[in-house]
Amino acid sequence: MTTYIPWVALIISVISLIVSIYKIYRDKSELVTWSEIVYHQSLKDGKSYPVMYLYAVNKGLRPITLTDIGFEVSNYENVLTRIKPMEDIALDISDIDFESKIPQQLSQDIGVRLEDGDIYEIRIQYDEYYKFLSAYHNFEVAKKMFFKDVLGTHYYVKNSNKHINILDNYK
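Residues numbered from 1 in each chain as written. Predicted model: local features only at pLDDT ≥ 70, side-chain atom pairs only at ≥ 80, totals over all residues. Heavy atoms only, no water.

1. Quick look at the overall build of the chain
Item 1. From N to C terminus, the chain includes four helices and ten strands.
Item 2. Along its sequence from the N terminus, the chain presents helices and strands in the succession α-β-β-β-β-α-α-β-β-β-β-β-β-α.
Item 3. When the 171 residues of the chain are sorted by exposure, 29% land in the buried category.
Item 4. Long-range pairs, those at least 24 residues apart, make up 64% of the contacts in the chain between residues at least 6 apart in sequence.
Item 5. On the chain, roughly 12200 Å² of surface is accessible, and the fraction owed to carbon and sulfur atoms is 56%. (Helix = DSSP H or I, 4+ residues; strand = E, 2+ residues; numbered from the N terminus. Buried < 20%, exposed > 50% of the residue type's maximum accessible area, 1.4 Å probe, protein only. Contact = heavy atoms within 4.5 Å. Areas by Shrake-Rupley, 256 points an atom, 1.4 Å probe, with all protein chains shown as cover.)

Right, here's the structure in full:
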C-alpha cells in the first residue's frame, strides 16, 4: 500500500497542473466580432433599405476596452474613428501651474469597456456611406472593418467586406 501513495500523489499533482494551465489559458479577454445586413422598411415610401450591424462581444473572462473602429483601405493603410470622442478639457491659463493642471484621460473615458458577455453594437445605414470612404486616400472604399482595443490589437469584423459591398451597390 505504501508503494502506491507516491504514484497517487504524482497523478493528483499532474491533474492539478493541467487544471491550473487551463484556467490561466481561459482567464483572458476574447473578442468575437461579426456583421449583418438587416433590411428595414421606410415609413415614408414603404421601400426596404439595408442597415449594416456591427457587433463586438467579449467572450473571455477579463474586461476589454475598445477605443476605435476603423477600416482597411489597403494592406498597409487604415482609417480610425474614436468610438467615444474625447472631451475637451479647458485649462485656466491664469494659473501657470501646469504640472497640477495636466488633464488625465483614462482608457475607460475614451473607449467602451466590455465585461464578460457584454455586447457592443454599431448600426450603419445605407445613406451613411461616407463612413466607408477615406478622404486621405482619394475616397477609396473600405475593404474590411475592425475594432481596435487599448493595446492596439485589431479585431477584424467577420463578413464586413461583403456587407460593405451590399451597401455600396444599393440604389
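2. Concerning helix 1 (residues 5-26)
Item 1. Look at helix 1: 32 Å from first C-alpha to last across 22 residues, which is about the 32 Å you get at 1.5 Å a residue.
Item 2. Where burial is concerned, little of helix 1 is hidden: zero out of the 22 residues are buried. (Expected span 1.5 Å × (residues − 1).)

3. Points about the environment of Ile69
Item 1. In this fold, Ile69 is placed in strand 3 (residues 64-72).
Item 2. Residues Ile69 and Lys148 lie 79 residues apart in sequence; the distance between their C-alpha atoms is 6.1 Å.

4. Some points on the pairing of strand 2 (residues 48-58)
Item 1. The buried fraction of strand 2 is high, at ten of eleven residues.
Item 2. Taking the residues between adjacent antiparallel strands as the criterion, strand 1 (residues 31-41) and strand 2 are bridged by six residues, where Gly46 takes a positive phi near 80°.
Item 3. Direction of pairing for strand 2 relative to strand 6 (residues 119-125): antiparallel, over a ladder of seven bridges. Residue Leu54 lies in a different strand from strand 6, and its bridge partner there is Ile122. (Pairing = 2+ DSSP bridges.)

5. Describing the sheet that holds strand 6
Item 1. Strand order in this open sheet of three strands is 1-2-6, and the pairing throughout is antiparallel. Where the open sheet ends on each side, the last strands, each with one partner, are strand 1 and strand 6. Within this sheet the neighbouring strands show an average axis-to-axis angle of 20°, counted without direction.
Item 2. Sheet topology places strand 1 next to strand 2; eleven bridges connect them, and they run antiparallel. Bridging across to strand 2, Glu36 finds its partner in Tyr53.
Item 3. Its contacts with the sheet place helix 4 (residues 160-169) against strand 1, strand 2 and strand 6, and it is angled at close to 25° to strand 1. (Axes fitted to C-alpha atoms, helices over the stretch in contact; angles between N-to-C directions.)

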